[in-house]
Protein chains: 2
Amino acid sequence: MPQFLKDNKKYYTPVEYVFAKIGGTYKMPLLWRLKDKTWRYSELKESIAHLSDRMLSKNLKELLNDGFINKEVIPEVPVRTEYSITEKGMNSIPIISMLRDYGFELMKDDGIKH
Amino acid sequence: MPQFLKDNKKYYTPVEYVFAKIGGTYKMPLLWRLKDKTWRYSELKESIAHLSDRMLSKNLKELLNDGFINKEVIPEVPVRTEYSITEKGMNSIPIISMLRDYGFELMKDDGIKH
DNA sequence: CGGAATCCGGAACGATACTG
DNA sequence: CAGTATCGTTCCGGATTCCG
């Protein structure tokens, strides 16, 4: 008894829908970086050390298809690709910010220094 | 190059730490239900139709160990078990509330009715 | 330089049966 | 009533290779 369907996938709660769109390990870190300026593919790659090409391109593509980011290919040699955030993407920033703050709070409670 | 370790697990961002504590499919729905009143195990089970005993007990145990909820066993026959939210758990409610609101917003953008 | 395609392992998750 | 044990499956993400 699903509450709603979207693209042949069942969702039971709105929170679940948020996770489907900007959840996972890398999407929020990517959006967080893109909120201030445009980034090149290689810059994003270097800024998240443990991130593989597979996961980076996969996550960028999904964020692009879901309207959270823009992609601009500049036909230089070699080619340059710039990623930027959309208005829809910017709407997610306060959410991520709140989750970050709450994360720091939980870490502090658990005696984790950062 | 992990940013920090906790219980032999690597975390790279505070958001990741939040997901480790109250992420997954069921923890937020459980906390959301417990915010208003105490619930019995069987009541929680019935209120989330697609939730198995295995996942319910597993998630309740983790929330208990992490201090988000309380458990009280009332030695009647048959035994009754009451779950309630802690102050630490209540701190997560505004986060969940914001995620819910944002989820409804995303759903509306995507033409999903609820 | 900026990806895509394929393969694969482990953890998460589900279904079912059983128990104090 | 409130779980636990066991087994099977799914899926996320890593490693590797290749391409315009």
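A brief structural summary. All figures in this text were calculated on a predicted structure; none of them were measured in a lab.

**A closer look at the protein's contact with DNA strand C**
Okay, step 1: For DNA strand C, the set of nearby residues contains 16 residues, the closest of which are Ser42, Lys71 and Tyr83 of chain A together with Tyr26 and Arg54 of chain B.
Okay, step 2: By atom count, sugar and phosphate contribute 67% of the portion of DNA strand C lying within 4 Å of the protein.
Okay, step 3: A distance of 3.3 Å separates a sugar or linking oxygen of DNA strand C from a polar backbone atom of Val79 of chain A.
Okay, step 4: Counting only elements with at least two residues in the surface near DNA strand C, the list comes to helix H3 (41-47), helix H4 (53-65) and strand E5 (80-85) of chain A together with helix H4 (53-65) of chain B.
Okay, step 5: At four residues, the largest contribution of residues to the surface near DNA strand C is made by H4 of chain A.
Okay, step 6: Of the residues belonging to the surface near DNA strand C, the class tally is six nonpolar, three polar and seven charged.

**Considering the relation of the copies chain A and chain B**
Okay, step 1: Once chain A has been moved 0.0 Å along the axis and rotated by 180°, it coincides with chain B to within an RMSD of 0.0 Å. Between the two chains, the operation in question is that of a two-fold axis.
Okay, step 2: Most of the interface of chain A is mirrored in chain B: 100% of its interface residues are interface residues there too.

**A few points about the environment of Gly111 of chain A**
All names here are of chain A.
Okay, step 1: In this structure, Gly111 sits in the segment after helix H5 (87-109).
Okay, step 2: The exposure class assigned to Gly111 is exposed, which follows from its relative accessible area of 53%.
Okay, step 3: As for Gly111 and Ile48, which are separated by 63 residues in sequence, their C-alpha atoms are 25 Å apart.

**Overview of the interface of chain A and chain B**
How big an interface is tends to be expressed through the accessible area that disappears when the partners come together.
Okay, step 1: Taken residue by residue, the interface counts 36 residues in chain A and 36 residues in chain B.
Okay, step 2: Counting across the interface, chain A meets chain B through two salt bridges.
Okay, step 3: Where Lys88 of chain B meets Asp110 of chain A, a salt bridge forms, and the shortest distance between an N and an O atom there is 3.9 Å.
Okay, step 4: Of all the secondary-structure elements, those providing two or more residues to the side of chain A that touches chain B are strand E1 (4-6), helix H1 (14-22), helix H2 (27-34) and H5 of chain A.
Okay, step 5: Sort the elements by how many residues they give to the side of chain A that touches chain B and H5 of chain A lands first, with 15 residues.
Okay, step 6: In the side of chain A that touches chain B, the residues fall into 23 nonpolar, six polar and seven charged.

**Observations regarding the packing of aromatic side chains**
Okay, step 1: Scanning the model with the defined rule gives seven aromatic pairs over all chains in all.
Okay, step 2: An angle of 70° between the planes, with centres 5.9 Å apart, marks the rings of Phe4 of chain A and Tyr17 of chain A as edge-to-face. Taken together, the positions of Phe4 of chain A in strand E1 and Tyr17 of chain A in helix H1 put the pair 13 residues apart, joining distant regions of the chain.
Okay, step 3: The class of Phe4 of chain A is buried, set by a relative accessible area of 7%.
Okay, step 4: Accessibility expressed as a relative area gives 0% for Tyr17 of chain A, which makes it buried.
Okay, step 5: A ring pair is formed by Phe19 of chain A and Phe19 of chain B, whose centres lie 5.1 Å apart and whose planes are at 55°; its orientation type is tilted. Pair noted here: Phe19 of chain A is in helix H1 and Phe19 of chain B is in helix H1 (residues 14-22), and the two residues belong to different chains.
Okay, step 6: Connected via pairs of aromatic rings, a cluster forms that spans Phe4, Tyr11 and Tyr17 of chain A.
Okay, step 7: A cation over an aromatic ring shows up here: Lys9 of chain B above the ring of Tyr11 of chain B, its NZ or CZ 4.6 Å from the ring centre.

Cut-offs and rules
Residues numbered from 1 in each chain as written. Chains lettered and ligands numbered in written order. Predicted model: local features only at pLDDT ≥ 70, side-chain atom pairs only at ≥ 80, totals over all residues. Heavy atoms only, no water. Near = heavy atom within 4 Å. Polar contact = N/O pair within 3.5 Å; in protein donor to acceptor, adjacent residues only side chain to side chain. Helix = DSSP H or I, 4+ residues; strand = E, 2+ residues; numbered from the N terminus. Nonpolar A, V, L, I, M, F, W, Y, C, P; charged D, E, K, R; others polar. Least-squares fit on C-alpha atoms with pLDDT ≥ 70 in both. Contact = heavy atoms within 4.5 Å. Buried < 20%, exposed > 50% of the residue type's maximum accessible area, 1.4 Å probe, protein only. Salt bridge = Lys/Arg side-chain N within 4 Å of Asp/Glu carboxyl O. Phe/Tyr/Trp six-rings, centres within 6.5 Å; stacked < 30°, edge-to-face > 60°. Lys NZ or Arg CZ within 6 Å of the ring centre and 35° of its normal.

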